[in-house]
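# Secondary and tertiary structure notes
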Amino acid sequence: MAIIPQLNLFAWEEIEELGDLERLRLVIAYMPDEQLMRVLEKERGKGRDDDPIRAMWNALLAGIVFQHDRDAKLLRE
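Residues numbered from 1 in each chain as written. Predicted model: local features only at pLDDT ≥ 70, side-chain atom pairs only at ≥ 80, totals over all residues. Heavy atoms only, no water.

## A look at the packing of helix α3 (residues 34-44) against helix α4 (residues 53-65)
Where α3 meets α4, the axes come as close as 10 Å, and the angle between the chain directions of the two elements is 135 degrees. Between α3 and α4, the angle falls in the class oblique. In this structure, α3 meets α4 at a crossing whose hand is right-handed. Within the contact between the two elements, α3 uses Glu34, Leu36, Met37, Arg38, Leu40, Glu41 and Arg44 and α4 uses Ile53, Arg54 and Trp57. (Axes fitted to C-alpha atoms, helices over the stretch in contact; angles between N-to-C directions. Helix = DSSP H or I, 4+ residues; strand = E, 2+ residues; numbered from the N terminus. Parallel < 35°, antiparallel > 145°, perpendicular 65-115°, else oblique. Left-handed = near helix turned anticlockwise from the far one by under 90°. Contact = heavy atoms within 4.5 Å.)

Put into structure tokens, the structure is as follows:
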């Protein structure tokens, strides 16, 4: 039986060395969320669009990538 070594798709060190904005760019580019966005936009229909769905979704992703913790910040103040 042949042993085939597992090839790494990427090294975590490469991701950790990137800046926050570059990591966010990668997350937004490769997140399989297009179907979700279309469903949410269809559900909203012609309702108010004060907060566009895609912009709010990207803000949520940015909060995760940047490890933003709103509650911890409030506790420090």
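## Concerning the confidence of the model for the protein chain
Residue-level pLDDT values for the protein chain average 81, and 73% of them are 70 or greater. Across the protein chain, element-level confidence peaks in α3 with a mean pLDDT of 93 and bottoms out in helix α5 (residues 70-76) with 57. (pLDDT = per-residue confidence, 0-100.)

## What about the packing of helix α2 (residues 20-30) against α4?
It is the contact of α2 with α4, at a shortest axis distance of 10 Å, that shows an interaxial angle of 130 degrees. Relative to α4, α2 is oriented oblique. Where α2 crosses over α4, the handedness of that crossing is right-handed. Contacts between α2 and α4 pair Asp20, Arg23, Leu24, Val27 and Ile28 from the former with Asn58, Leu61, Ala62 and Val65 from the latter. For the contact of α2 with α4, a count of residues per class yields six nonpolar, one polar and two charged. (Nonpolar A, V, L, I, M, F, W, Y, C, P; charged D, E, K, R; others polar.)

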